[in-house]
Amino acid sequence: MAFYLNYNTHFFFKFSLLFSLLSFSFSQSDVVEAPSPAADSCNGIFLSYAYSSGTKLKPTDPTHQPYRFESVLTVLNNGDEELKSWKVSVEFQNDEFLVSASNAVLADGTSLPANVGNGTVFAGFPMSDLKTAIETAGDLTQMQVQVQLLGTQFGVAAPDVPLPKNIQLANDGFICPKASMQGKNEMQVCCRKDPKFKANFTVDEEFLPKQSGDLTIMYDVTRTYDSNYWAQVTVSNHNPLGRLDNWKLSFDWMRDEFIYTMKGAYPYVVDSSDCIFGTQGQHYRDLDFANVLNCERRPTIIDLPPTKANDTTLGLIPNCCRNGSILPPSMDPSKSSSVFQMQVFKMPPDLNRSELSPPQNWKINGTLNPDYKCGPPIRVSPSQFPDPSGLPSNTTAVASWQVVCNITQPKGASPKCCVSFSSYYNDSVVPCRTCACGCPSNTARTCSTTAPAVLLPPEALLFPFENRTAMAQAWADLKHRTVPNPMPCGDNCGVSINWHVLTDYSRGWSARITIFNWDETAFPDWFAAVQMDKATRGFQKMYSFNGSAVELNGVNNTIIMQGLPGLNYIVGETDGANPKKDPRVPGKQQTVISFTKKNTPGINIAAGEGFPSKVFFNGEECALPSVFPTNNSNREGFTTILSIFLAVFVFIMLHQ
């Protein structure tokens with residue numbers, strides 16, 4: 001009897017302990033903490049940022065001491081409409097370095113860990129939509145999301161609290177006042193609908209409408225099975241001046257997915273080792289991982305060459321296999337998108353055909369192209385495609401997400417191309433600015449990064465920068481000018497463009513543009529654009545390029561140009577005829593542009609109105625000189641025209 005009681009007592013204790021542990025685990029992962037009492041008075045979107053704890057970190061630094069911080073960002077929908085694809089801006093101010101964030105990703109596509117010291121925007125993942133209390137009977141698990149933040153901040157020690165400057169909802173159509181303090185550790189704000197905002201969709205629609213941007217990426221699931229699915233990725237360019245060459249696309253798998261096979265594109269690194277030694281290999285024991293293309297958490301995808309377009313294994317995808325070139329629609333709409341497909345394998349607990357999750361933190365870039373910043377994937381209405389059999393019907397995707405990317409200029413980023421100015425009325429060339437595309441990193445340099453660029457003779461533009469020093473010094477001696485010591489550093493630009501005012505007469509004027517490629521990378525289907533605030537209306541004709549005036553952002557001040565057939569390819573820099581003594585030879589293209597003064601009365605070419613205010617090459621804005629050539633050498637005008645033309649002509653003839 002005693003043994004029976006002891007056994008039952010021991011069994012009851014073990015059962016109670018097990019039940020307690022299970023209850024604790026359940027409560028930690030599934031139960032949402034109740035909102036702050038201040039949320040009761042908010043009939044909109046309630047936001048709070050609460051600092052939890054922090055400790056001092058190594059190394060000890062009195063001027064820039066690091067501290068660990070833990071905080072909770074809460075988003076609660078107390079309104080009467082579902083909040084779709086929530087986004088919250090947090091204005092960090094203590095040089096924060098964010099290590100992890102639960103239930104959210106960074107809306108600009110940056111992967112964690114990341115520096116967010118200048119503020120950031122969080123987007124919901126995997127729970128991106130917040131329902132209302134009305135449609136859920138007050139279920140906080142569907143109305144509210146809490147983002148657990150862990151990171152490092154600098155300089156704020158106890159008892160001070162490292163709070164952000166402000167928090168606000170980043171969704172369109174809401175008004176948020178300045179966040180208020182709730183004690184010392186928490187800030188709160190209630191955001192309400194803007195009565196003046198007019199949405200382009202109704203709240204009854206299941207998905208958000210597709211958005212516009214400089215570049216969009218569609219992630220369409222076309223076929224789905226329990227353990228895997230096929231996705232079609234479409235990259236479309238919408239900016240009239242934006243383009244991509246040799247594009248590289250990367251993203252983060254959030255739920256241990258991996259790429260089994262692809263058509264129309266290929267991983268930059270083919271490697272299945274992360275699967276073989278990871279949980280994927282333990283789950284898919286019968287899968288031959290020798291055929292798996294990529295198991296990286298953040299893979300990089302590249303385009304295929306045109307020779308693979310009709311390959312039965314890798315190609316046969318419309319708009320694939322263009323060597324990574326995506327042109328602006330203003331040049332060729334048929335080449336303004338790129339498409340590929342991939343088979344994605346999933347991991348538990350997502351092993352059913354309706355459990356679909358797109359990758360996050362998208363990035364895309366190219367060579368000598370604009371910088372694109374991409375937002376999070378937004379669920380949109382399923383895309384429709386023409387039936388592959390040719391029937392007059394459309395096939396609908398299983399599910400679709402859209403990623404919107406816009407051209408940005410990162411802080412401190414340098415251009416990749418530059419412009420020099422010259423004219424018939426001045427015999428000197430105003431070269432590209434010193435360090436226009438960045439200064440040399442070698443600390444033992446013998447050039448000055450702050451000295452202004454030295455005026456050059458016209459023929460110096462045909463030589464690499466390192467071969468111009470003697471010519472620049474001789475030209476300065478001839479013109480009785482002083483040169484700095486040390487001499488200024490080069491522009492370090494891969495592409496340089498010379499804009500030369502060629503003629504100016506009573507009824508019109510002309511300019512010559514010469515493009516030099518100082519990189520080893522060739523540019524197929526290149527294009528350039530110039531913005532001329534007062535001269536564009538007088539544009540007449542180009543003689544070696546296709547040229548047309550276009551209206552951008554409602555202003556007709558831009559001229560786009562591209563090479564004629566046979567001239568639409570700029571080769572890279574090559575060795576001279578005799579490499580032992582001749583300098584390297586750049587790839588080059590040249591044309592003359594004519595203008596009429598009929599539509600631009602009063603234009604003053606000599607005062608600088610014949611020079612562009614902005615120049616773009618392959619969508620990248622180029623650095624411009626800070627001064628124009630002065631009109632103080634008219635007596636040498638004919639000599640200058642002749643010398644420049646002959647120098648370029650002879651150079652081109654010698655190196656054809």
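Please read all numbers here as calculations on a predicted model, not as lab measurements.

(A) Broad picture of the state of the cysteines. Overall, the coordinates contain 10 disulfides when judged by the stated rule. Linked covalently through their sulfurs, Cys275 and Cys295 form a disulfide whose S-S length is 1.9 Å. Here the S-S torsion is close to -105°, and the disulfide linking Cys275 with Cys295 is therefore left-handed. Of the two residues, Cys275 is situated in helix α4 (residues 273-276) and Cys295 in the loop between α5 (279-283) and β18 (300-303); the sequence distance between them amounts to 20 residues. Across the pair, exposure class does not vary: Cys275 and Cys295 are buried alike. A sulfur-sulfur separation of 2.1 Å characterises the disulfide bridge that pairs Cys374 with Cys405. The disulfide joining Cys374 to Cys405 has a torsion of about 100° about its S-S bond and is therefore right-handed. Taken together, the residues span a long stretch of sequence, with Cys374 in strand β21 (residues 371-374) and Cys405 in strand β25 (residues 399-408) at a distance of 31 residues. The residues Cys374 and Cys405 share a single accessibility class, namely buried.

(B) Fine view of helix α6 (residues 469-478). Listed in full, the buried residues belonging to α6 are Ala472, Trp475 and Ala476. The buried residues of α6 occupy one face: seen down the axis, they fall within an arc of 100°. Away from its buried face, by an angle of more than 90 degrees, α6 presents the exposed residues Ala470, Asp477 and Leu478. Looking at the buried positions of α6, the neighbouring elements they touch are β27 (426-430). His480 sits one or two positions beyond α6 and adopts a positive phi of about 60°.

(C) Region of interest: the sheet that holds strand β38 (residues 620-621). Read across the open sheet, the five strands follow the order β33-β34-β31-β37-β38; overall the sheet is antiparallel. If you trace the sheet from one side to the other, it starts and ends with β33 (545-552) and β38, each paired once. In the sheet, strand β37 (residues 614-617) pairs with β38 via two bridges, with the strands oriented antiparallel. Looking at β38, one finds that Phe617 is bridged to Glu620.

(D) Structural context of the pairing of strand β3 (residues 87-90). Pairing between β3 and strand β7 (residues 120-124): four bridges, direction antiparallel. If you follow Lys87 over to β7, its bridge partner there is Ala123. With three bridges connecting them, β3 and strand β9 (residues 167-169) associate as antiparallel partners. In the sheet register, Val88 faces β9, and the bridge partner there is Leu169.

(E) View of the confidence of the model for the protein chain. When pLDDT is averaged across the protein chain, the result is 88; 89% of the residues are at 70 or more. A low-confidence stretch, residues 1-31 (pLDDT under 50), is modelled with two contacts involving residues beyond four sequence positions or located in other chains. pLDDT under 50 marks residues 633-642. Its contacts with residues more than four places away, or in other chains, come to 14 contacts.

(F) Representation of the pattern of salt bridges in the model. As enumerated under the stated definition, the model contains 18 salt bridges in all. The residue Asp226 makes a salt bridge to Arg353 at a minimum N-O spacing of 3.6 Å. Taken together, the residues Asp226 in the loop between β13 (215-224) and β14 (228-237) and Arg353 in the loop between β19 (337-345) and β20 (360-365) connect sequence positions 127 residues apart. On the basis of relative accessible area, Asp226 is assigned to the partly exposed category, the value being 40%. Put simply, Arg255 and Asp350 hold a salt bridge, and the shortest N to O gap is 2.5 Å.

(G) The side chain of Lys346, seen in detail. Here Lys346 lies in the loop between β19 and β20. Asp226 is the oppositely charged side chain nearest to the buried, salt-bridge-free Lys346, at an N-O distance of 6.7 Å. If we ignore the near neighbours within four places in the chain, the residues touching Lys346 are Tyr225, Asp226, Ser227, Asn228, Tyr229, Glu257, Tyr284, Leu351, Asn352, Arg353, Glu355 and Leu356.

(H) Region of the structure containing the environment of Glu70. Secondary-structure assignment places Glu70 in strand β2 (residues 66-77). Measuring from C-alpha to C-alpha, the distance between Glu70 and Pro162 comes to 10.0 Å, with 92 residues separating the pair along the chain. Among residues more than four places away in sequence, those in contact with Glu70 are Ala50, Tyr51, Ser52, Ser53, Leu149 and Leu150.

(I) Just the nonpolar core, in detail. Judged by nonpolar contacts, the single largest core of 36 residues is most densely connected at Ile497, Trp499, Trp509, Ile515 and Phe617. Among the elements of the structure, β26 (417-423), β28 (495-504), β29 (508-517), β31 (527-531), β32 (539-542), β34 (555-563), β36 (587-596) and β37 are those that each provide at least two residues to this core. Each residue touching Trp509, except ones within four places of it in the same chain, is listed here: Trp499, Thr503, Asp504, Met532, Ala535, Ile593, Ser594, Phe595, Lys597, Ile603, Ile605 and Gly610.

Thresholds applied
- Residues numbered from 1 in each chain as written.
- Predicted model: local features only at pLDDT ≥ 70, side-chain atom pairs only at ≥ 80, totals over all residues.
- Heavy atoms only, no water.
- Disulfide = S-S within 2.5 Å.
- Helix = DSSP H or I, 4+ residues; strand = E, 2+ residues; numbered from the N terminus.
- Buried < 20%, exposed > 50% of the residue type's maximum accessible area, 1.4 Å probe, protein only.
- Arc of directions from axis to C-beta.
- Contact = heavy atoms within 4.5 Å.
- Pairing = 2+ DSSP bridges.
- pLDDT = per-residue confidence, 0-100.
- Salt bridge = Lys/Arg side-chain N within 4 Å of Asp/Glu carboxyl O.
- Lys, Arg positive; Asp, Glu negative; His and termini not counted.
- Core = buried A, V, L, I, M, F, W, Y, C linked by side-chain atoms within 4.5 Å.

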